[in-house]
Amino acid sequence: MNYDTSTNTILDSDSLENDEKLLTPLMIFAREVLLYENQAISEQDSVKAVPYQLDEITNLCVDNLLGKVARCCRKSQVGKKLPTAFYVHVSALQTLNPILGIYENCARRHLENIDEATLVKFSLHQPKISYLFYPDFDTDAHPALQASIQINLATGEVKYFDYSNSENPPVLHRKETFVAADYPNYEKFSRLTRCEEKWGLLDNTSVIGTREGWLKYLGYCGVEIQDHAVVERLKQENSELSVPKIERHKAAMVRNSLSKPVRLVLEADLFWDGATFFDYGCGYGWDVKCINEEGYAASGWDPYYQPDTPRIGADIVNIGYVINVIESLGERREALLNAWELTKSLLVVAAQVLIDDTDRGQIAYGDGVITSRNTFQKYYEQEELKVYIDQVLNVDAIPVALGIYFVFRDAAEGESFRASRFRSHLSTPRVRSQVKRFEDYAEMLAPLMAFVSDRGRLPVKGELAEESVIKGEFHSFNRAWRVILQATDADDWETIADKRRQDLLVYLALNGLGDRPSMRRLPAQIRNDIKGLFDNYQKACTLADLMLYSLGKADIVADCCEDSAIGYKQPGSLSVHVSVLEELDPLLRLYEGCANRTIGRLDGATIIKFHARKPQISYLFYPDFETNPHPALHTAMHIHLRDLSVSYQDYSDVYNPPVLVRKEAFVSPNYPHYEKFAKLTRQEEKLGILDGGAVKKYREWVKCLEENCVKIKGHKLFWRSNADPERLKMLQKAASERQQKKIELKPGKIEETGEGAEGAEEEKEEGE
C-alpha cells in the first residue's frame, strides 16, 4: 500500500497552558471526565458520595482512562466494534456516552482540518483517536479511504496519512454499522450488506479490505456492485474464468481412529447419557462408527459416500474439515448453515489452517488452491476462521485447538464451557482432627465437602442433590459446615475459595476482551459463584478489568515471570509445562488466556513460553516429553498478541532440531516423573555437560555426550563401555572435583537434596 505520512507534535506549535501547567489532551480529558462524574454524583440526592478532588488527576493512569473509554465503546448501541477499535460516523457522535463525547472533544479541539472527516476511530488499547475521510461515503457502496489524521492523546503527537494517490487504498464494508438507525441511507446500506452476506462476499475478510482485493473477489464470484445492489454478471462476461474440475470426495481421509475435533468433544466430557451425534460430511464414516462404539446414537451424511442417509437433527453435530474443501462460496456458507440448523446443543467446526508449503503441486483458485489430486483446499488463518464462523452463524465461536471451534446453541452453556477451561483442579482438604460428630456423619457430609472443593462456596437451594438429607439432619448447610470445620483446617478451605476467585477473575477478564455478557446471561451456577465469592457482578468485573489492563505494562508481565516459583526462566521469558499452567500467577494465566481465548492452543502442546519483552505466547510440542530424556521439538506455534497473528514452525523433518534438557525445571515437584527428571539433571550437572540453557541442538548434544564418554538409558547416565580408560579416568576425576567444590560452596543444600549419596550410587550405575 502506498501512502504518505508525516508527524507533527502539537506541543511544538499550540500551547496547552492551563493553571501554569502544560497539559496533554489525555490529561485534559482526565480533568474534564472527573468534573463530569463529580457533577453526576452531586446530582444523585439519594447517594451520599464524596466527589473526586481535582488533584486526584495526578493519581489517574493511562490504563484506567483507556479502560473507561473501552467500556463505553463496547456498550455503545451505535458504531462498529472490533477487538482493538471502535468506529462511528460523525453524525452519530452525539448519541454516544457523554464520556466518549468528552474524549473525542479533547482530541478535536487540538486538530485542524477535520470538519470533513467521515468516521471517528477510537483505539481501545492505546490513547489514540483517528479521523477517517471517506468523501464518497453516501454515494459509493464501498468508498475508498482518502486520508486519516491520528492523534495520540497521551503525547499530543499527530500523524497524517494520505491515501489519495494510492493505487490500492482501504475500502469500507457494512456501512450501516457506523451510523444510527435514523441515518437517511441506513436501510439502503443494510439491504446491500444483507445481499452481500447471502452471496458470501463478506466472508473472506483477509482479502476484501482493499480496493484491488475487493474487485478481484467480486470478479471471482461473478458479480459486481451497482448502486448499492449486487448484480450477477452475464455468463459470457465471466467466460474467461476457466473452472477446473474439482473432485471434493477425494479430500476425505481414511482413518483408523477418531478425528481430532470429535476426540476433543469426548475429552471435554460434552457427551452425556442419551446424547445423539451427527457427522455432516462424514466421508468414510469413521467418526460415526467410533461414536456408536462409545455407546451413543450416531449417524452421518456425505454427498458422495453417504448421499442417501437422511440429514437429521442431533445434540452434537460435527462439520469437520468440510468447509475448506468446498470451492463455491455460496455452497460453503450453505453447508455451515445447514449443519447449524441440525444442531440442538453443540456444533463442532474444523477447517485447515496455516498453509506451510506453497510448492506442493497446487494452483491458485478463488480464495484457495487446487491440489494435484484435483481437490480444493481453503487454508484459513485461525482468526479468519473464527470471524467467518461468527459472521455466518451470528455467534461467538470458542477456539479449542488450531482450526477447531465449538459453537453452543445455548449461549449460557457456552459461557459454562469457557469458564470451565480456566478452572483449577483442586483436591478436597484432608481431615486433620478426630471429631466424633464429624465421624458419625462423614459419609453424609462428603457431598457437601466435594461441592465446596469444586465451587469454593456453600451451595444455594437446589444445587446439591443431597440437600434434603443434609438439611434434615443439620437444618442448614451452615450448621453442617461448622461440623466439617471442626475436623478440617479452615485455611485449606480459604485457599480453595481464593483459587476459585482467581479462576473467575481470569474468565471475566477475558470476557472483557469482547462483549462481556450481562449477569442475567450467565449460567445460574456461575451467577451463584460470583455472588458467593465477590458479593456482586460489578465488583468482580472491576477487579477483572484491573487485571486485564495491568497486562499492558510490560514490566508487570516481566516481574510475574521473574517471580514465578515454577518454570524455566531465561532473560525475557518463562517456559512451563502445560500441566502447571493453573498453578501460575493469575496474571500469567490471563496472559496465556489472551492467546488461547481467540486463537486456541496447539493440540498436544507440551511447553508454554511466556515472552516478557514482547506481547507473544509460544506453544511448543515435544511429543515424547515423558519417555525421551531429551525430546526433540516437533512443532512450535507463536501467537503475537498485538495483532493476533500466528506463525507456525515445523521441526519434524529438520536435520538438527532443538532438544530439551533440565526437564524438571518446566514442571512442578508433584509431577509424576519429577524426581526421575531431576536425578538425570544432577548426574549431567556433575559431569559438567549442562552449561548454558535448557535447549540444545540435537547434533551438538549427541557430540557432547560422545566427547564425555557417556550415554543415556531410561533417564540414567552411563559411562560408555568402549570409552578410552585414560579419558574416562580424567572425566571421573573432574566430576569428583566439581562435586567437591559444589559441596564446599553449598554444603547445606547438597546435604538436603542428597546429591552426595547420589554421586556414589551414580558411579555404581555408570560402571557397565
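Because the structure is predicted, anything quoted here is derived from the model rather than measured. Residues take numbers from 1 onward in each chain, read along the sequence in its written order. The predicted origin of the model limits local features to residues at a pLDDT of at least 70 and limits the giving and counting of side-chain atom pairs to 80 or more, whereas totals for whole chains, interfaces and linings rest on all residues. Only hydrogens and water are set aside; all other atoms, that is, all heavy atoms of the structure, feed into the side-chain values.

I'd love a proper account of the pairing of strand β5 (residues 85–89), names of residues and values included.
Working definition: with a 1.4 Å probe on protein chains only, accessible area under 20% of the residue-type maximum means buried, over 50% means exposed, and in between means partly exposed. In this text, helices come from DSSP runs of H or I with a minimum length of four residues, and strands from runs of E with a minimum of two, each type numbered from the N-terminal end. By the criterion of burial, β5 is predominantly enclosed, with five of the five residues buried. Burial along β5 is two-sided: Ala85, Tyr87 and His89 facing one way and Phe86 and Val88 facing the other are all buried. Any two strands with at least two DSSP-identified bridges between them are counted as paired. Direction of pairing for strand β4 (residues 80–81) relative to β5: antiparallel, over a ladder of two bridges. Within the sheet, the bridge partner assigned to Lys81 lies in β5 and is Phe86. From the end of β4 to the start of β5, which pair antiparallel, there are three residues. By the bridge criterion, five bridges tie β5 to strand β6 (residues 119–123) in an arrangement that is antiparallel.

So what's going on with the confidence of the model for the chain? Which residues, and what values?
pLDDT measures how confident the predictor is about each residue, on a scale from 0 to 100. Put simply, the chain has an average pLDDT of 82, and 82% of its residues get 70 or more. Here a residue-residue contact requires only that any non-hydrogen atoms of the pair lie within 4.5 Å. Predicted confidence is poor over residues 1–21, with pLDDT under 50, and the contacts of this stretch with residues over four places away or in other chains come to 45 contacts. Counting contacts from residues 749–768, a segment whose pLDDT is below 50, to residues more than four positions away or on other chains yields 31 contacts.

Outline the packing of aromatic side chains, supporting the account with residue identities and numerical values.
Any two rings among Phe, Tyr and Trp, with Trp reduced to its six-membered ring, count as a pair given centres within 6.5 Å; such a pair is stacked if its planes are under 30 degrees apart, edge-to-face if over 60, and tilted if neither. On inspection of all chains with the given rule, the structure shows 20 aromatic pairs. With centroids separated by 6.4 Å and ring planes inclined at 80°, the aromatic side chains of Phe137 and Tyr183 adopt a geometry described as edge-to-face. Pair noted here: Phe137 is in the loop between β7 (128–133) and β8 (147–152) and Tyr183 is in the loop between β9 (157–162) and α5 (186–199), with a separation of 46 residues, a long-range link. The same class applies to Phe137 as to Tyr183, namely buried. A centroid spacing of 4.7 Å and a plane angle of 70° characterise the contact between Trp481 and Trp493, whose relative ring orientation is edge-to-face. Pair noted here: Trp481 is in helix α15 (residues 477–487) and Trp493 is in helix α16 (residues 490–511), with a separation of 12 residues, a long-range link. Trp493 shares its class with Trp481; the two are buried.

Tell me about the environment of Gly274, residues and numbers included.
Here Gly274 shows up in the loop between α7 (260–267) and β12 (276–280). When the C-alpha positions of Gly274 and Tyr296 are compared, they lie 6.6 Å apart, and in sequence the two are 22 residues distant.

Pulling in residues and values, what's your account of the pattern of salt bridges?
We define a salt bridge as a contact between a side-chain nitrogen of Lys or Arg and a carboxyl oxygen of Asp or Glu at a distance within 4 Å. The final tally for this structure, using the stated rule, is 24 salt bridges. Residue Lys436 pairs with Asp440 through a salt bridge whose shortest N-O separation is 3.1 Å. Separated by four residues within a single helix, Lys436 and Asp440 lie in helix α12 (residues 436–440), roughly one turn from each other. Classification of Lys436 by relative accessible area gives exposed; the value is 59%.

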